[in-house]
Every structure is written in structure tokens, then in C-alpha cells.
Amino acid sequence: MTSVEPGRARLDERIVGAGTDSRFALLLLLIVAAGGYLLVPVVSALHPGDYRGCQLAAGADLHTGDTVAGATRLVGQALAFLPCVARHAPSPPLWQILAGPAVVVAVAAVATISLPLWKQRRGRCVRLSLVHGGAEVAARVEELAAGRVARMPELFMAPAAGGVNASVFGTNGRPRMLLTGGLVACRVKDPRTFDAVVLHELGHIANRDLTITHATIALWRTFLVLVVTPFLLWWSGLGVFGVVAGGNPALTAVSLRYLAVPVVIAVVVYLARADVLRSRELYADLTASRWGAPLEHVWAERASAGDRHPRRRANALLDQVRTHPRWEIRRAALDDPAPLFAVSPLPMFLSGSAAALMNYHLMGHISPHVTLLSDWLGQALAAVPAAVVAAATTTALWRSTVRAATLGRPAPLGVRAGLWLGLGLIAGSVISGQSTGYLWLPGRWWVLGLVAAVAVAFTCWTCQCARLAVTAWPGPSPRGPLALCLIAGWLILSAWCAWWNYYGAMYATGFWYDPAGLRWVVVNWFPGTGDVRPDTTAVMAPVIGVLRYAAYQPLTPVAAVAAWVTPFVLWAAGTVGRGPGRSWQRSRGDTGSDDAAADGAASRAWAAPALRQVTAPALLGAAIGAAGVAGVQAWLHTLHAAPAQRGGLYAFSYAIWSLAAIVAGAFAAALVAAASARFRLPSALIAAGIGALLGLGAATALISVDGCVEPLSVLNDTCSWRPAWRQLEGGNTFGLVAHITLLMAPVTAVAATALAALFRPVRRAVLGKNAAPARARSTCSPAGRRRGGAVLAAVGVPGVALATAAVLTVGDAEAQLMTKARSVTVEAQTAFRRVAGLPVLPVSREVRRRQVRAWYRLGGRYLLDHAIGTGRSMARLLREAGHGNRLEVTAGLMAGMRPLCRNMANVASWEPVYFEIPDPAAQTFWHRFGLAVQSAGPECVRAAEREDAVAFRISVAKIMIAAVMAVDASDRIKAIVDDPSDPVFRGVPVAPPQPRL
Amino acid sequence: MDTQPECSSAVAVRDVVRRVVADCAPEESVVVEGLLHYSDAEVLARLRRRGHGRDPLGFGLADVVPLVAPLLWLVLESARQKLTDAAVDQAARGSAALWRRIRRRKAPPEIIPPLTREQQAMVRRMVLDAAAEAGLPESRAKQIADSVGAALALTKPTPLTEPTAPTEPSAPTEPDEPHGGAAGGEPR
């Protein structure tokens, strides 16, 4: 039996999880999500309807007009549009949409089980036990496998294959190994090669590569057959039509993007799978090498055979598509498994693009049933791609950092990895169309830079957390801090993805709220009246308009806290524990004498400074925040607002400028921490986080005792304890302050770190090379009282922060669990129209005719006919009751008119919830009718009930004038349709769908 | 000294291959035993196939070692075809093979007819040429060619109507596994 030699790797490749399972999971989820998404239009084809009619009735024409404005019209008339779609173009049931991916997964599972049977078919190989003489070969394989794999693989031979090769297939629970004829033949003459190849394959079995690899293959093939084929057949027709049609860029862009998605997914899956498989090969080599496999012998033979590859560039390209690394790379990896610790651009890019595509495709499952969507459901969908991309990137970055620490090399920053990850996210977002709408490119392409910035911040944060763990974590294994980092990273990316899905991508497409509307929101946020001088609405409106949506994502509070609590815990653990514990690095690595010296240097270079170097700036930031809040109080006190004038903009400004003071304090803390410490980003994060938390506490205290210090009195004239959350309860203003405070802590820290990094060269140039910050004192193991204080801080600070986040999250839970069916109300629709407007699209005369006709056909005619018919009935009654030019109001007349007034009021109540007429002139008539009758109709009914002749006369006069408006609107529509024989004017009119979602 | 008789007996290609490999390349005996699980047509189809695909969890070496058994089988088949009326034979074999496939019957083994000395010399020359082309040393090629000559001369004549069954396994079969040859799969 081959003797087991000592491992040659300088660093054990198993020191941190390989992360390949998470990359496989990324591929599996990408395929499943794409399967469901691509089948939605195919399934929808089974439910034909008049979706286009509802679009036109809403005044939109997404295929010819301004798509952003068109989408705004749909959202702004959701109360009419969604019921219209539900009635005239019902989406496929949710179970049918979910059945697509379910069937794909089920078939793939069956294929995974069947694949080994196909691979071991008689036409390909024979079972070795059935071959005369095969027992000797099997005996050698069993000898090699003994004690190394949990289960001996079943053996097969492909006698006609002359290559020196072997492969494993099947599942982890039932592995199979296929030996080629060439390998079997060389067992006698070249037993070392035989052993090396077999041990490599046994390494795959030991590393549990079989099931996941073949499941991915099976799922991919199932996806091609069950999803891509019907999808391409369905969409190719539309795509060709779009190209041929020309001059219709929206249709062409949509069609070609749909056709491109399967191609892009194929490329991503192929490249990502090849990349993962290459790393699994290296792992199998290293496992085999650890078992003493003479792999060097195999590579040496190839080297002596002169197998050189002079075309380096071609090789570099081919390396990305090969499932096996070149033998030079494999040989080099035996000495130094650097490739397994490297953070390569391609995997980062592929992870980003796969996550972005998956994210969009998951949202696509629910988009046909948008009324079921709640904030938490959207958050849950966003959490899926966040989980896989966090797992894939975090593991890779940790491995890179741990290796650098062990070898005493500079810590990786993560900037380059973040850029590639960001580029992948951008590419996925553009290709899927999430950030472009129906066009080729985003309306605001520069917004995509924010994606790259967040990706860079995330990777830098991950690297710094890993560095802190390496430096300070006292435990025997990195699993604990890695798990903490994975969870925190997942939360951060989940919150980011949810915000991006709802608002970021929408902003990139070109949509945003109307500035005047946002200003209106700010002015009317807090109930009551009040004013401030100078007027700061112009500053507050756009900032609050952006921050409120980001701060109110369900996971934002906890993610924002996790961003700084994670490095704090890792840092504090080094202080509380038994000092920098790097035993888990060394436990499996090879430490030679040369490493000992490097280790000393590395320890010095990697040592984290004492934690108080970040707590001091935090206290400074909190003090600045508290002083700022006091300053805001002093400013508002000078306005001497009367008690009745202490609401509205006055109270809102109090809250928002206090918030600004807290954030300014946090930013100052972050700047000081980032400038003075070696661990810039974690320092800034912790300083800003603690500073913001303490600042919020100070502000809460100051507002709660408002009135106790006369020069600082804002809302009260007497001294008493009035909790701030009660005083600023209106419009949930205090909640807004708390949410944004938590959000802004990591945001200001990242900005401060970026500034510090940018100004670092400038500072060096001005102050010279000796201007480097003084060496920080290393973390140490304090004893006694100091140790107790450290424990208290290490547990207390995260506890308070997480409790604050939890309180905010629970407080919002009811609203965030509410589905769109419940949250889309007349008030919500009105508010949306106020901040976003309801633009009238400039379209051709023909499109306008079709829009107006659709409005008329899908419910408008019913409403107008009823209004006009009721008006005529009322006019007839009035004529009958008239004497010459005088109207004699009698009890009988009022009794006869009462149901007609009620009927008219009913018709008018549809005006705010049904579509606006796409023609502005007709809409003006219709809107006037609605406004007039909504007030006059109930007045008429009440007057009739009270037999109040005067009020009755006035209200009826208003109604009759309004009825003329309805006639005008109807005439205008008939003129636009311009075809009396049009079927829309015949038959029974269609009632509009009830505005209940 | 030339020991070959004036005219050899009719022998099956697979018997010659088996005998020669046992003499010249005993390390390939297991490979030959594996090949004998297939009919001659199946063996030739698999040997002629270029590239067997790359398994994702394979070792990853594309090297092909020059094995004696495949080389010999292909050369002998080539020689056999030369020595028979190829055109008629191929046409007849094609329809017969199709019919056998439909009926899932195993084809009879390919038989090399009795050879004259000139024909034996031609076979020897073909073996030498193929070995040289495969990169085998001259001495090794000569050894194989001699062994082929001996096998053609000394192998027990094969009855022309009796199909040669695959060699029975000597190793115990696993009771829970279906027999590998039951499926009758087709080459990819």
C-alpha cells in the first residue's frame, strides 16, 4: 500500500470551508428561479385576456410611449387597473406559476437518480466484477479506498477507452467509479500512475462531490428541455416580430431581452460550473496527495513528454472554460494551494450576475399576483439571492484573508473583488431589464455606480471582519466568527436587495417622485400647524424622500446594526478572551522555521489596536450629536411659536434637524476613527454605530425633558417627563428618526472611510512619510475589573443596538405584513399621485383614440350612460313639476328625486377610483361631474329626507349642471372614437370592476 | 526458421487477439476480457470512436496509451475485410446486423478465413505498419507480429456457424446487481 507522506501544503486548504457548495447552490437556485420566471409567459398564454385593453384604458401604451410615465399611470390608477386586469386578463393561478419550478426540480431529481444508470449502461462500460481478472484490479482499488472513503465505490470498466483516466459518478451515498481500459492496463506496468488516478477519484468521493455535481448537471439538462425549449418557441415569434417591426424599440428590447436571458444563463451556468469543478479537482488532488498519491509522478511524466503550452493568452482563456485545470496548475497547487485561496475576478462577476438574475426572476414569480405582495414577502424573496451571494463571496474572501494572515502577507482589501461583484450585479440587472424597464439602457445609468459602491463596501467589510477574526478571535476554530459574518452579510445584502428591487432599480430606470410632491409630503408629515424660519423644506424633502424608503425596508434596522455590531463583537472578543488566538490557523498549517520569523512580523502587522481607540471617537460623536440637538432646540426656541403653532412643519423640523445632528455626530466619530486607526472601516463602523446609538439616546432624553430648560424649550413650556416617542408620535416621526439614525451609522462610516482613504495620499504628501498614525496598542487580555467591564461592553452594546432594531422592526411589522390588496386604498393612491403625478402621455391621435375607446368599453360607457340616463330622468321629473319657469318643490317631487340623487351620487363615487379618461378635455368634464355630484348628490338625498326645499333646490341645480358635464364628456368621447358604427356603442355596457383588490 | 504451415485454419478475430495479448501484453488481459463482453461489431465501433467525452469528475488526463489489444483488433479486422469480398460482405452484413439488432440477437464472431503464406505475410506486414504508426518500438512490433502469425497458425479452428460466447466471469458476481450484458445498449 502506498505510504502516507506528510502533507506538503503550507496551508491546509480545509482551514475554512471551500465554499463550492454555496456556489453550486447559487447555480441550482439560478436555474430553478429562471425556470419559473421563463415559464410565466408560457403559462400566461393559456389564460388569454385583455391586458392591453386595461393598459390603454389607463392611458398608458408601454410599447410606443414613454415607458416610465406609462408605468406611473398604471401605478397611479392601481385601484382601477388591478381589478381591471383581474377581471379582463386574469393571471394564471399562483399554483400554476409555482408548478413550473416544482416540476423542473422533480424531474431533475428523477434525472439525478437515473443519471448513474445511464452512465453505467452496458454500451459504455462493463461491471468490473463480471470481467475475468477484474478481481485483482478491484482488490487494489479496495486497498486504496480502505479507511479513506466511507463507502467503497462500485467499479466499472470502459475497456475500449484507451486513455489513462478514471471518473466517479453516482451519489455520495452510492458512489461508482469508472476505470478506462488504458488505466487498467497500466496497473501492472505503471502502478504509481494507477494509484494516483484512483486516489484522486477517491478524493472526489471523500470530498462528497458526486451528488451536487450530478444534480447540477441533471437540473441544467432538465431546464433546457422543460423550460428553454417551450420558452424559446413561444418568444421567438415575438422576438422576430419585434426585430422585423423595427421602429418599435420597446417591443424589440423586451423581446430580444427575453430571448437573451436563456443564453446568458447558459453562459453563466457553464462558466460558473467549470470554475467550481476546477477547484474541486484541486481539492481532490490535495486530498489524494495527503493520502500519499504519487501525483508528482504523473505530472513529471507529462513534463518529460514536453507537453508545453506556448500560447499563454489562449490558455488563459481556455482555463476559464475547462472543467479541469491544466496540469501545470495542478502540479503547482500540490506545493502551494494558492488557487484555492485566491479571489478571482470571474467567480465574483458570475456570482454577482447570477444573483441579480435570480433576484429579478424570483420577483417575476409574484409579479402576476402583485396584490399578494407585502414588504416582508418582498424582503423574503430578496433574501434568497442575498444568502447565496453572501455565502459564496464571504467564504472566498475569508479564505484569502486567512491565508494572508498565516503567511504574514498584507491583508486583502477586497476592493477589486467588490468591483467585479458589483459589475456582475450591474450586468445581471441590465440584462434582466430590472434597471432598464422596457428600454435597452437605464434611464439613469450612473445609479448603477451605487451598486458597484455597495458591492465594494460589502467585500471590504467582509475582508475586515475576517481580518479582525484572524487577529482577535480567541476560539479554537474560525467557524463561529465565519458564521457570524455570514449571517450579518446576508442581512446586509438582503436589505440592500429589497431596497434595490423596490426603489433603486426604479430610480435607475428614470422614475422618481415629483420634487413638489415630496415637499408637500414633508410639509404635511406632522399633524397640526406650525412653521419655521428659515424654510428648510427644500433641503429636507429630497433627503427624506430617499432615506425614508431605505430605512423602512423590513430588515434595514437589524442589517444596519449588524454592519457595525459584527466587527465590534469580533474586536471585543479579542479583548475579553485570551488574546489574539490564531491557534486554528496553525493547527493545520505547516509551520517551518522560516515561518516562525514571518509569524512574528505578521502578528505585529495584523494586531488590532485596543478597542478604546474606537470608543473614544464614538463618545465624541455622541457628544457632538447631543450638542447639535441642543442647538436645534435653541434655534427653534428663538422662533417663540405659540402652543397652537407647534405642530406641522415646526415639529417635523425639530425631529429632522435633531436627526441631522445625530448623523453629523456619527459622521464625525467615523472620520476620527477612520483617520486614526489601522482598521479603518471597522473602526469607523463601530465609532459611528455607537456614536449614533448614544446620540439617539441623548436626543431622546433631551426631547423627553423638553420644557425643563427654558432657552431650549421647543414643544413645551413646563418641565415634565414627556417621552420623546410620545411627543413626536404624529406621522410616526420619532420612528422615522430612529430608523434613519440606525441606517445612517454604517452609511456615514463607509463615506468617512472612503474619504480617509482618498485623503491618505494627500496627507502623506503634506506631512511626509513619518505622518503615519502612531502604532496602536495591541489588544490584550485585561484582568479583574477591566475584564469585567470589557465583557459588559461586549455584550451590552450589541444587546442594546439589536434591541433597538428589534423594537423598530416589530413596530413596523403590521404595516409591512400588509398585502398590496389591503394597502392600496383611495388615500394611498391619492398620495402617490400627489408625489409622483399622473402624467398625460403625448401619443398619436390613433393611440389616443384607442385609449379613450378602451376606457369607454371597459366601464366608462356604463358610468356615463348611467349618469346621463339618471340626469334625463331627473330632468323629466323636474319638467313635470315645473310651472312655467318656476319649479315647485313638493314632497312628492323630493320623494321621486331621492333615489335618482342617490343613483347619481353612486355614479360619481366611481370617478376617483375608475381610470381617468385618457383625453384631458373629456377628463376635465368627467372630473367636474365627479366633484360636483360627490357633494351635491348626498346633499340632495339629505334634503329630500328632511324635506328641505331650499337645500334640495340648490343641490339639484348642481347635479343638473354636473349632468351636462357628463353629456359633454360623452360627446367628446364619441367625437374622438369618430365612428358611430363602432361596436363599443352597441349592446349592454360593461360595468367597471369593483375597486376591491 | 519459418515454422508457419502452408495454409492456416479459419480462426475468430477475438481468439487471435486474446492469444496474442496473453503472449505479448499480459497486462492488457483484463481489457481484452472486458472487450469480449461485446460483439465484434460493438468492439470495433467503440475502438473506432474518437474521444470518450470528459466526465466532470474524471481525472482529467487526455493521454491515450498505445495498447496492443485495440491496435491488434483493428488491424485484424482490416485484414479480414481485405481478404474477403468487401462490397458484398458489407452489404450483407449491414442488413443482417440491422435484423439482429431488431431481434436483439448477438452477432456471430468475425472469422479470419484460412490464409495462404502470402496472405499471412500481408497480415504480418499490416501489424508491423500499424505498430510503427502507434509508436511501438520495432522489436515490440516484431514480437507482436510473430505472435499473430503463430496465433493464426496454431489457434484451434473456429466452427463457422457457432457464435463465440463471451468469456464467463471467474470472479463471483454480485447477487443484487443485474447482469451488465442484459440491456443490449447501443453505442453512443
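It should be noted that the structure appears before, not after, this text.
Rules and cut-offs
- Residues numbered from 1 in each chain as written.
- Chains lettered and ligands numbered in written order.
- Predicted model: local features only at pLDDT ≥ 70, side-chain atom pairs only at ≥ 80, totals over all residues.
- Heavy atoms only, no water.
- Helix = DSSP H or I, 4+ residues; strand = E, 2+ residues; numbered from the N terminus.
- Expected span 1.5 Å × (residues − 1).
- Buried < 20%, exposed > 50% of the residue type's maximum accessible area, 1.4 Å probe, protein only.
- Core = buried A, V, L, I, M, F, W, Y, C linked by side-chain atoms within 4.5 Å.
- Contact = heavy atoms within 4.5 Å.
- Salt bridge = Lys/Arg side-chain N within 4 Å of Asp/Glu carboxyl O.
- Axes fitted to C-alpha atoms, helices over the stretch in contact; angles between N-to-C directions.
- Parallel < 35°, antiparallel > 145°, perpendicular 65-115°, else oblique.
- Nonpolar A, V, L, I, M, F, W, Y, C, P; charged D, E, K, R; others polar.
- Pairing = 2+ DSSP bridges.

Q: Help me understand helix H4 (residues 68-83) of chain B in this model?
A: The periodicity of an α-helix, 3.6 residues per turn, causes residues three or four positions apart to be oriented the same way. Residue and element names in this part refer to chain B. An ideal rise of 1.5 Å per residue puts 22 Å on 16 residues; H4 measures up with 22 Å between its terminal C-alpha atoms. By the criterion of burial, H4 is predominantly enclosed, with 12 of the 16 residues buried. Among all positions of H4, only Val 68, Ala 69, Pro 70, Leu 71, Leu 72, Trp 73, Val 75, Leu 76, Glu 77, Ala 79, Arg 80 and Leu 83 are buried.

Q: Is there a simple way to think about the nonpolar core in this case?
A: In a soluble, globular protein the nonpolar side chains are often hidden away together inside. Counting residues in hydrophobic clusters, the biggest one holds 263 residues, and the most contacted among them are Leu179(A), Leu202(A), Tyr513(A) and Val123(B). If we ignore the near neighbours within four places in the chain, the residues touching Tyr513(A) are Tyr503(A), Met506(A), Leu518(A), Tyr549(A), Phe832(A), Val835(A) and Ala836(A). Val824(A), Ala854(A), Leu863(A) and Ile976(A) belong to the second-largest nonpolar core, a separate cluster that totals 63 residues.

Q: What exactly am I supposed to notice about the pattern of salt bridges here?
A: For side chains bearing opposite charge, pairing can occur when the charged atoms are close. All names here are of chain A. A full pass over the atoms with the stated rule returns 31 salt bridges over all chains. Arg 187 is paired through a salt bridge with Glu 136; the nearest N and O atoms lie 3.5 Å apart. One end of the pair, Arg 187, is in helix H7 (residues 181-189); the other, Glu 136, is in helix H6 (residues 134-145), and 51 residues separate them in sequence. Judged by its relative accessible area of 52%, Glu 136 is exposed. Put simply, Arg 23, Asp 275 and Arg 278 are held in one network by salt bridges that share partners.

Q: Would you explain the packing of helix H17 (residues 448-472) of chain A against helix H18 (residues 479-509) of chain A in this entry?
A: Helices that pack against each other are described as a pair by the angle of their axes relative to one another and the distance between those axes. Residues and elements named next belong to chain A. The interhelical angle for the contact between H17 and H18, taken along N-to-C directions, is 170 degrees, at an axis separation of 10 Å. Considering the angle they form, H17 stands roughly antiparallel to H18. For the pair formed by H17 and H18, the contact residues are Leu 448, Leu 450, Val 451, Val 454, Phe 458, Trp 461, Thr 462, Cys 465 and Ala 469 on the first element and Pro 481, Cys 485, Ala 488, Gly 489, Ile 492, Leu 493, Trp 496, Trp 499 and Trp 500 on the second. Residues belonging to the contact of H17 with H18 are distributed by class as follows: 16 nonpolar, 2 polar and no charged.

Q: Looking at this model, I keep getting lost on the sheet that holds strand S3 (residues 166-170) of chain A. Mind explaining?
A: Strand pairing within a sheet occurs via backbone hydrogen bonds; the two strands may be parallel or antiparallel. All names here are of chain A. Ordered in space as S1-S2-S4-S3, the 4 strands form an open sheet in which the pairing is mixed. In this open sheet, the two strands that pair with only one neighbour each are strand S1 (126-127) and S3. Against the sheet, helix H8 (residues 191-206) engages S3 and strand S4 (175-180), with an angle of about 25 degrees to S3.

Q: Please explain unusual backbone geometry as it appears in this structure.
A: A negative phi angle is the norm for most residues apart from glycine, just as the trans form is the norm for most peptide bonds. Residue and element names in this part refer to chain A. The amide bond that connects Arg 533 to the next residue, Pro 534, takes the cis arrangement and shows omega of -5 degrees. When you line up the elements, Pro 534 lands in the loop between helix H19 (515-523) and helix H20 (537-551). Unlike most non-glycine residues, Arg 208 shows phi in positive territory, near 60 degrees. By the secondary structure assignment, Arg 208 is in the loop between H8 and helix H9 (210-245). Not every positive phi belongs to a glycine, and His 640 is a case in point at roughly 50 degrees. By the element assignment, His 640 lies in the loop between helix H24 (612-637) and helix H25 (648-676).

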